[in-house]
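# Survey of secondary and tertiary structure
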Amino acid sequence: MKPNPRLIAYLNEVFSHYEDLRPIQELKEELLSDLQERLLDLQKDGFDEEAAFQRTIASIGEISELIESIHANTTKLQQIIGIDFSMQNLQKSDLKAIKIHDGKFNYSNLQDSDFSHSDLTNASFKCSNLDRVKFDGANLTGAKISKSNLRGASFKNCTLNLVEFRSCDLTGVCMDNLIFTGTTFHHSDLKGTSFRYATFQSCSFKADVKKTIFDGAKMDKATYALLKGFKANLSHVTFL
């Protein structure tokens, strides 16, 4: 049986002032299930729809303190500094919207995990499996990513300033429309990697870029000269 629309609307209003955090969503779903059961029981006992609804929502009492507690504790956990996830099997993990500065994800399997909209400033990924990982909307400022597989990774709207990509497999990865400031790509596989309409400022490349795509990109003259020295195709590039 589908949940009562009025119960859904009521809980949506109660929870509307809180972030979309998993523990809070779980509480909301559990409450909806309990309230639905309570409503049906009251209707079976002879109460009309309105009376049953009012008694149902009154039965849960004041839940704002519980929600506040969950919200505060979850936010605190999401703002841990320097947490170490090294040597862990975190395949297909939901890590969306976490905030972990200086976090370590070294030698870990993160295949198909989701870091969308997370703050991973100064994070470390060494010898990590980042195959098909989502970094959409994430902040990777200052991150060090080395000797890691990034095939199929997604970087839509990602912040990649001062990131170090060293000896990484970025074959075929799409980095279109991104802004790179002080980013380095050293000894990494960039075959078929796409930087269409990206912007480069003070970036460093020490890699084979003959088959890397820079169509429509904008860059400063120093970055241009460096890429030209590695025989990149820059025929459709413009200067900043």
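See above for the structure.
Structure report, in brief. Remember, it's a predicted structure, so these values are computed and weren't measured experimentally.

Conventions we followed
- Residues numbered from 1 in each chain as written.
- Predicted model: local features only at pLDDT ≥ 70, side-chain atom pairs only at ≥ 80, totals over all residues.
- Heavy atoms only, no water.
- Helix = DSSP H or I, 4+ residues; strand = E, 2+ residues; numbered from the N terminus.
- Buried < 20%, exposed > 50% of the residue type's maximum accessible area, 1.4 Å probe, protein only.
- Contact = heavy atoms within 4.5 Å.
- Areas by Shrake-Rupley, 256 points an atom, 1.4 Å probe, with all protein chains shown as cover.
- Arc of directions from axis to C-beta.
- Polar contact = N/O pair within 3.5 Å; in protein donor to acceptor, adjacent residues only side chain to side chain.
- Patch = residues over 30% accessible without salt bridge, like charges linked within 9 Å, V, L, I, M, F, W, Y side chains within 5 Å.
- Salt bridge = Lys/Arg side-chain N within 4 Å of Asp/Glu carboxyl O.
- Lys, Arg positive; Asp, Glu negative; His and termini not counted.
- Charge placed at Lys NZ, Arg CZ, Asp CG, Glu CD.
- Pairing = 2+ DSSP bridges.
- Core = buried A, V, L, I, M, F, W, Y, C linked by side-chain atoms within 4.5 Å.
- Phe/Tyr/Trp six-rings, centres within 6.5 Å; stacked < 30°, edge-to-face > 60°.
- Axes fitted to C-alpha atoms, helices over the stretch in contact; angles between N-to-C directions.
- Left-handed = near helix turned anticlockwise from the far one by under 90°.
- Nonpolar A, V, L, I, M, F, W, Y, C, P; charged D, E, K, R; others polar.

## A closer look at the overall build of the chain
- The helix and strand tally for the chain stands at five helices and nine strands.
- The linear arrangement of helices and strands in the chain, starting from the amino end, is α-α-α-α-β-β-β-β-β-β-β-β-α-β.
- Within the chain, the fraction of its 240 residues that count as buried is 43%.
- Considering only intrachain contacts with a sequence separation of at least 6, the fraction spanning at least 24 residues in the chain is 12%.
- For the chain, the exposed surface amounts to about 12,900 Å²; the carbon and sulfur share of it is 50%.

## Points about helix α3 (residues 49-58)
- Where α3 is concerned, the buried positions are Ala52, Phe53, Thr56 and Ile57. On an axial view of α3, the arc spanned by its buried residues comes to 120°, and they lie on one face.
- For α3, the N-terminal capping position is held by Asp48, with its side-chain oxygen 3.2 Å away from the main-chain nitrogen of Glu50.

## Some details on the side chain of Thr121
- Position of Thr121 among the secondary structure elements: in the loop between α4 (64-78) and β1 (124-126).
- Setting aside residues up to four positions removed in sequence, Thr121 forms contacts with Ile100, His101, Asp102, Asn139 and Thr141.

## Digging into a negative patch on the surface
- Residues Glu26, Glu29, Glu30, Asp34, Glu37, Asp41 and Asp45 make up a contiguous surface patch of negative charge.
- Note on placement: Asp45 falls in the loop between α2 (22-44) and α3.
- A relative accessible area of 60% means that Asp45 is categorised as exposed.

## With respect to the sheet that holds strand β4 (residues 179-181)
- Strands sit in the order β4-β6-β8-β9 across an open sheet of four strands; the sheet is parallel. At either margin of the open sheet sits one strand with a lone partner, and together these are β4 and β9 (238-239).
- Where β4 lies against strand β6 (residues 199-201), three bridges are found, and the strand directions are parallel. Bridged to Ile179 within β6 is Thr199.

## Side note on the nonpolar core
- In this structure, Phe125, Phe135, Phe155, Met175 and Phe214 are the most contacted members of the largest nonpolar core, which totals 46 residues.
- Beyond its immediate chain neighbours, meaning those up to four positions away, Phe135 contacts Phe115, Leu120, Phe125, Leu140, Leu150, Ser154, Phe155, Lys156 and Cys158.

## Topic: the pattern of salt bridges
- Taken as a whole, this structure holds six salt bridges when the rule is applied.
- In this structure, Arg6 engages Glu50 in a salt bridge whose closest nitrogen and oxygen atoms are separated by 2.7 Å. In this pair, Arg6 is assigned in helix α1 (residues 5-14) and Glu50 in helix α3, connecting sequence segments 44 residues apart.
- Overall, the relative accessible area of 34% leaves Arg6 in the partly exposed class.
- If you follow the salt bridges from partner to partner, you end up with Asp112, Asp131 and Arg132 in one network.

## Some thoughts on the packing of aromatic side chains
- Evaluated as defined, the whole model comprises 21 aromatic pairs.
- Between Phe115 and Phe135, the ring centres sit 5.5 Å apart and the planes meet at 10°, which makes this aromatic pair stacked. With Phe115 in the loop between α4 and β1 and Phe135 in the loop between β1 and β2 (144-146), this pair connects stretches of sequence that are 20 residues apart. Accessibility assignment for this pair places Phe115 and Phe135 in one class, buried.

## Here we look at the packing of α1 against α3
- Where α1 contacts α3, the two axes come as close as 11 Å, and the packing angle between them is 30°. Once α1 is placed against α3, the crossing between them reads as right-handed. Counted together, Arg6, Leu7 and Tyr10 of α1 and Glu50, Phe53, Gln54, Thr56 and Ile57 of α3 form the full contact between these two elements.
- The residue makeup of the contact of α1 with α3, split by class, is four nonpolar, two polar and two charged.

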